[in-house]
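# An overview of the molecular structure
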Amino acid sequence: MKNVLIFRGGWSGHEPVPTSELVAAKLRELGHNPVLADSQECLLDPDLVRKYDLIVPVWTMGDISNEAEQALLNAVKSGVGVGGWHGGMGDAFRSHTDYQFMVGGQWVAHPGNRIDYTVNIVAKDDPIVRGIADFPMHSEQYYMHTDPGNRVLATTVFSGEHAPWIAGTVMPVVWTRQYGRGRVFYSSLGHDLADFQNSPQILEITLRGLLWAAR
């Protein structure tokens, strides 16, 4: 059983409560123990490293105190996993570059907003995506600034229809990385609850990735 801390908040458009409730429910079904928190005070728990195997930020934009950020970074460096999806992890705390260094990327645009695109599985033997075929999406296609050290599991290609200068750009969608002793998982999929419900691949990749990060 893995103990998972999910802290949620920030911009409501990404539905941090419904999406985190769904993921938490599925983790419980798999025999794990998710703990949901609606503030960042949970990160200041002096027993953070001892209590949890995994931390999941679901907090688009907003801000984080230096103390809470440092506690999160130190926990991951110490070996606690971290994982998340879409803007809840990849567009959180925009002014905190140390946080972005841990994540391995930062959202910068989604040209055309909700559009049709394809997610291409590229690391077919990785357990997080094994057995999952390429699949279509109708949602935000995230353009991100990413760390070249990431292990990329899935990508997408921009058509250039909404920003001609990026035509043909291959963009990471799902990746893993190391931060200190901690494992990091990120997926840019999962804009809202409907995305998780309409594309079962998103939930499967998310659950596998989170549990990988939790070792």
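Residues numbered from 1 in each chain as written. Predicted model: local features only at pLDDT ≥ 70, side-chain atom pairs only at ≥ 80, totals over all residues. Heavy atoms only, no water.

### A look at the sheet that holds strand β10 (residues 170-179)
So the rule is basically this: Strands were regarded as paired on the criterion that DSSP finds at least two bridges between them. Per the convention used, a helix needs a DSSP run of H or I reaching at least four residues, while a strand needs a run of E reaching at least two, with both numbered from the N terminus. Axis lines are fitted to C-alpha atoms, over the contacting stretch for helices. Their N-to-C directions set the angle, which ranges from 0 to 180 degrees.
What the 9 strands build is an open sheet, ordered β2-β1-β3-β4-β11-β10-β9-β6-β7; its pairing is mixed. Two strands in the sheet have a free side with no partner beyond their single neighbour: β2 (33-37) and β7 (135-140). Adjacent strand axes in the sheet meet at a mean angle of 25° when their direction is disregarded. Sheet topology places β10 next to strand β11 (residues 182-187); 6 bridges connect them, and they run antiparallel.

### What to know about the pattern of salt bridges
How we decide: Throughout this description, the term salt bridge denotes a Lys or Arg side-chain nitrogen within 4 Å of a carboxyl oxygen of Asp or Glu. When a residue's accessible area, from a 1.4 Å probe over protein chains only, is under 20% of the maximum for its type it is buried; when over 50% it is exposed; and in between it is partly exposed.
All chains considered together, the criterion is met by 11 salt bridges. Between E21 and R8 there is a salt bridge, and its shortest N-O distance comes to 3.1 Å. A residue pair is termed long-range when its members are at least 10 positions apart, and E21 in helix α1 (residues 16-29) and R8 in strand β1 (residues 3-10) qualify at 13 residues. E21 gets classed as partly exposed once you look at its relative accessible area, which sits at 33%.

### What about the nonpolar core?
This is how it is decided: Residue types Ala, Val, Leu, Ile, Met, Phe, Trp, Tyr and Cys, when buried and joined through side-chain atoms within 4.5 Å, form a set referred to as a nonpolar core.
In this structure, L5, F7, L43, I55, Y99 and M102 are the most contacted members of the largest nonpolar core, which totals 35 residues. Taken together, the elements giving at least two residues each to this core come down to β1, β3 (54-60), α3 (66-77), α5 (97-103), β8 (143-146), β10 and β11. Take this core: its biggest share by element is 5 residues, from α3. I6, A24, A123 and M137 belong to the second largest nonpolar core, which has 33 residues in total.

### Observations concerning the pairing of β2
The test is simple: Handedness of a crossover is defined as follows: with both strands directed away from the viewer, a clockwise route from the first strand across the helix to the second makes it right-handed.
Here 5 bridges tie β1 to β2, and the two strands are oriented parallel to one another. Paired with L5 across the two strands is V35, which belongs to β2. What joins β1 to β2 is α1, and the crossover it makes is right-handed.

### Brief notes about the packing of aromatic side chains
Stated formally: In summary, the pairing rule links any two rings of Phe, Tyr or Trp, Trp by its six-membered ring, whose centres are within 6.5 Å, and it sorts them by plane angle into stacked for under 30 degrees, edge-to-face for over 60 and tilted for everything else.
In the structure shown here, the tally under the stated rule is 7 aromatic pairs. The interplanar angle of 75° and the centroid separation of 5.1 Å between the aromatic rings of F93 and Y99 together place this pair among those described as edge-to-face.

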